Structures are given as structure tokens and as C-alpha cells.
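This is what each chain is made of:
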Amino acid sequence: MTTDLVPVALGARSYEVRIGAGLIERAGAEIAPLLRRKRVAVITDDTVASHHLLSLAEALEAQGIAMVALSIPPGEGSKGWEQYARCSEWLLEQKIERRDVVIAFGGGVVGDLVGFACATLRRGVRFVQIPTTLLAQVDSSVGGKTGINTAQGKNLIGAFHQPSLVLADIAVLNTLEPRDFLAGYGEVVKYGLLGDAAFFDWLEINGPAMAAGDMGLRQYAVKRSVEMKAGIVSRDETEEGERALLNLGHTFCHALEKATGYSSRLLHGEGVAIGCALAFELSQRMGLCSQEAPSRVRAHLKAMGTKVDLADIPGDLLDAAGLLALMGQDKKVVDGKLRFILARGIGQAFVADDVPGDLVTAVLTDALRGRS
Ligand SMILES: NC(=O)c1ccc[n+]([C@@H]2O[C@H](COP(=O)([O-])OP(=O)(O)OC[C@H]3O[C@@H](n4cnc5c(N)ncnc54)[C@H](O)[C@@H]3O)[C@@H](O)[C@H]2O)c1
């Protein structure tokens, strides 16, 4: 299978996303041109290390590149101060200098954490993303948003720090747990919903075979998602406008993640899928889109077997007022007003700055009713 190349055009900070099967086995050759000395530091998590670190080490060694590696515990709990300090101090102990390259080898947690450590280490060290989850390949490894969570909420400490290269090896998705794969699918669907109705049509037809393991379909879905993200990021790197569309479903998602304590009760991508369904419901109630649109979104997510309703979240949840209050903590609040990404139809998202709170409460109340 061929490798697809998607450029992220950002002037002096431009880079390429390479997408294909077997890229990890070729990682040494892919990364070598970036190196000023033949040594890299890799940070990964224990699960990714157990499946794939040996392949990466061999690929680097084949090009005479020395590797030091640190593995952190898997999961969202690692995206915080403790592992940030640990990674930063380890990189200093390893004498990583500004001209060196660090490799973030893992899902969105590793990518965000290591990217942020690189943004602040010696005021900025280059890094390469080798994303290993579907979510990280289609979303978090591209665009330079890095950061960690704090007690106050998700991603509240962070920096824009673009990678120098992204290597998305489709073959590593084969070792993902089905639940993690489907969580990433929430972000894939998001691209169709926010700006490409034809891609959503394609997903309705091809999504099930893609989830079942068809590599050609996976490569196309990752490529189309990355093309969309790269286009948006190159037009609006720091989210002054259009980039906010990538937050479709995220205001709901962040409140739900907070309400479930960032636990395995709700994975980020699952929250995005539920959030997208709620955003379309809200859009329909505001008379912005047809009744058919939210039904189609929900039907497709259900057909894929991902979470789509609040009833799919196990355990207790807050009531509608409680969830609304959590949305007020979201950093996407502009001047105290709640901001949502709404849609005039599938593929037609836009930023709405003044959404009536009572409608949001009504949508949440009805969605919570489905749980009882
Ligand atoms: N920076 C951004 O623009 C951006 C965008 C979207 C999401 N995010 C962030 O991404 C994070 C979620 O990322 P995620 O869903 O990748 O979670 P994750 O990094 O926790 O990975 C999910 C699980 O899959 C395991 N795993 C990873 N690759 C594997 C593989 N190839 N085989 C087997 N297991 C594997 C991990 O060990 C982990 O247990 C959240 O913190 C979210 O905020 C960031």
C-alpha cells in the first residue's frame, strides 16, 4: 500500500503527515533527515511499549540512531502535572538539547503530554509525533495543541507547539482495543459532520467495514480526516475563528468528561460522539437544521456501536443544571457566554456565541430522561 502525504502549511513551521501501513518499520529512515546527531528520546506508555516499542527501536537502530526511552502508565490520568514533571526531568537527565528531537509514541495522552513537555523544555525542543490510536492519528497529533489537565479541568495548561513530522502507521491500529478504536471514530465522524457531507455519506457506507479492519478504508478515513484538520489549522493555527469548528460536540463532551471524573466510564472520543449527537439535537431545536439531521447522526453512531446517548454512560450523572454549570468551566467560554458549535445540516457547522441556556437545559433534560 502507498504512503499518503498530507502537508500542514504553516510557513516556517510547516510539516508533513505521512499516513500508511508499516511506517514504524521505516521510522529510522523517515526521521533521520531531521536529526543533527544520531540520537533520539522516545516517550511512550506501557501498553504501546509492550506492543510496538521493539519495532521502533529496531527501525531506529537500522539507521544507526541511538534511542533512549521512557514509558509512562497508560490513560488520561497520566496527562497531568506529575507525569509532565517526570518527562521534563527525564529529558533533562538524558541531556536532550534544543537541537535534538523527541518522539511522542502513543495515543493522544502521550502526544499532548510529550508535546507540552517539548514546548517548555529549554523553551522549545523539536518533536515527532508517532500516533498509535485512531484518535491521535486523525486529530491530536496534527495541529500543535499540546497540554495537560488540572483539577480545574481538561487541557487548561498548554501551548501551541507544532511537531516537525507526524508518522501515522495504520498497521498499529490492529492492536487497539475495539473500544479505543471506536472512541477514535467519534473524531472521524466529527470531520464529516462539521464540514464534509460527502465524507459522512462515505462513512455511512464504509464505516462498519473500516472498523472491522479493512486497511484501505482505514487509510482513506485517516487521510481525509487529516486533510480536513490540516486545512483548518493552516488557515487558523491559534483558533481565532474557523479552528473552533473542530470543537463540534466538545462543549457537551468536556462537561460529561468532568462529570465522570475523566475515568474509563467515558473515553474522550465517546464523549465527542455523544456531544456531536447533542449538538445536532440542539441545532434542530433552534430551527437551524432539519429533523432528519440529528436522526441520521444518531443512527450512524448506533450502527457503528459507539456510545451515542447519555444512557450509554454507566453510573450516576449530574442533572441538567449540574452539567450546564460544568460547561461554564469550559475554556471555550467567551466573555462569560456559552459558545457552541452548531450545524445548519450535515457538513455545515458554524460557531454560535449566544445560545439560549434554557434550550441547552431542555436538550440535556430530555437526554437524561433516556437514562431512567
Ligand atoms: N491535541 C489535540 O488537538 C487533541 C485532539 C483530540 C483529543 N486530544 C486528547 O487526546 C486524549 C485522548 O487520546 P486517545 O484516545 O488516543 O487516548 P490514549 O492516549 O489514552 O490511548 C487510549 C488507550 O489506547 C492504548 N493504546 C494506544 N495505542 C495503542 C495501540 N496501537 N495498541 C494498543 N493499545 C494502544 C493506550 O495505552 C491507552 O490505554 C485526550 O486527552 C484528549 O484531550 C487532543
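Residues numbered from 1 in each chain as written. Predicted model: local features only at pLDDT ≥ 70, side-chain atom pairs only at ≥ 80, totals over all residues. Heavy atoms only, no water.

(A) Region of the structure containing the sheet that holds strand β5 (residues 101-106). Spatially, the 7 strands line up as an open sheet ordered β1-β2-β9-β6-β5-β3-β4, and their pairing is mixed. A strand with exactly one partner marks an edge of an open sheet, and here the two such strands are β1 (4-8) and β4 (66-72). When the angles between neighbouring strand axes are averaged without regard to direction, this sheet yields 20 degrees. The sheet contact formed by strand β2 (residues 15-20) and strand β9 (residues 165-169) spans 4 bridges and is parallel. Across the sheet, the residue bridging to I19 is A168, located in β9. Helix-sheet contacts for helix α4 (residues 108-120) involve β3 (39-45), β4, β5 and β6 (126-131), and the interaxial angle to β5 is about 160 degrees. (Pairing = 2+ DSSP bridges. Helix = DSSP H or I, 4+ residues; strand = E, 2+ residues; numbered from the N terminus. Axes fitted to C-alpha atoms, helices over the stretch in contact; angles between N-to-C directions. Contact = heavy atoms within 4.5 Å.)

(B) Region of the structure containing the pattern of salt bridges. As enumerated under the stated definition, the model contains 27 salt bridges in all. Across the salt bridge formed by E76 and K154, the nearest N and O atoms sit 2.9 Å from each other. With E76 in the loop between β4 and α3 (81-93) and K154 in strand β8 (residues 153-160), this residue pair connects regions lying 78 residues apart in the sequence. As a salt-bridge pair, D353 and R339 come within 3.0 Å of each other at their nearest N and O atoms. Taken together, the positions of D353 in the loop between β11 (349-352) and α13 (357-369) and R339 in the loop between α12 (320-327) and β10 (340-343) put the pair 14 residues apart, joining distant regions of the chain. It is possible to trace a salt-bridge network through shared partners that takes in E16, R18, R26 and E30. (Salt bridge = Lys/Arg side-chain N within 4 Å of Asp/Glu carboxyl O.)

(C) A look at unusual backbone geometry. Phi is positive for R123, close to 60 degrees, though the residue is something other than glycine. Following the sequence through the fold, R123 ends up in the loop between α4 and β6. Despite not being glycine, E239 shows a phi value in the positive range, around 60 degrees. Within the secondary structure, E239 sits in the loop between α8 (215-235) and α9 (250-259).

(D) View of the site of the ligand. Around the ligand, the structure places 27 residues, and the nearest of them are D45, G108, T132, T133 and T175. T133 is positioned with one of its side-chain polar atoms (N or O) 2.6 Å from an oxygen atom of the ligand. Within the side chain of T175, one N or O atom sits 2.7 Å away from a nitrogen atom of the ligand. Within the complex, the protein chains bury 89% of what would otherwise be the 870 Å² of accessible surface of the ligand. Split by residue class, the shell around the ligand holds 6 nonpolar, 11 polar and 10 charged. (Near = heavy atom within 4 Å. Polar contact = N/O pair within 3.5 Å; in protein donor to acceptor, adjacent residues only side chain to side chain. Areas by Shrake-Rupley, 256 points an atom, 1.4 Å probe, with all protein chains shown as cover. Nonpolar A, V, L, I, M, F, W, Y, C, P; charged D, E, K, R; others polar.)

(E) Geometry of the packing of α12 against α13. The N-to-C vectors of α12 and α13 enclose an angle of 130 degrees; their axes lie 9 Å apart at closest approach. Regarding the angle of α12 to α13, the classification is oblique. Read as a crossing pair, α12 and α13 show a hand that is right-handed. The segment α12 lies against α13, with A320, L323, L324 and M327 engaging G357, V360, T361, L364, T365 and L368. Its residues assigned to classes, the contact of α12 with α13 comprises 7 nonpolar, 3 polar and no charged. (Parallel < 35°, antiparallel > 145°, perpendicular 65-115°, else oblique. Left-handed = near helix turned anticlockwise from the far one by under 90°.)

(F) Representation of the packing of aromatic side chains within the structure. Per the stated rule, a full pass over the model turns up 6 aromatic pairs. Ring centres of F199 and W202 lie 6.0 Å apart, and the angle between their planes is 25 degrees; on these two criteria the pair is classed as stacked. With F199 and W202 both in helix α7 (residues 197-212) and 3 residues apart, this pair spans about one turn of that helix. Plain terms: the ring middles of W202 and Y220 are 4.7 Å apart, the flat faces sit at 55 degrees to each other, and that makes the pair tilted. One end of the pair, W202, is in helix α7; the other, Y220, is in helix α8, with 18 residues separating them in the sequence. Put simply, the rings of W81, Y84 and F116 touch in pairs and so form one group of aromatic residues. We note K190 situated over the ring of Y191; from NZ or CZ to the ring centre the distance is 5.2 Å. Above the face of the F350 ring, R344 is positioned so that its terminal group lies 3.8 Å from the ring centre. (Phe/Tyr/Trp six-rings, centres within 6.5 Å; stacked < 30°, edge-to-face > 60°. Lys NZ or Arg CZ within 6 Å of the ring centre and 35° of its normal.)

(G) Structural context of the pairing of strand β7 (residues 145-150). Taken across its 6 residues, β7 has 5 buried, putting it largely inside the fold. With 5 bridges connecting them, β7 and β8 associate as antiparallel partners. Residue pairing for β8: K145 is matched across the bridge by F160. Connecting β7 to the next strand, β8, in antiparallel fashion are 2 residues. (Buried < 20%, exposed > 50% of the residue type's maximum accessible area, 1.4 Å probe, protein only.)

(H) Region of interest: α8. Look at α8: 30 Å from first C-alpha to last across 21 residues, which is about the 30 Å you get at 1.5 Å a residue. Sitting at the amino-terminal end of α8 is D214, which places a side-chain oxygen 3.0 Å from the backbone nitrogen of G216. (Expected span 1.5 Å × (residues − 1).)

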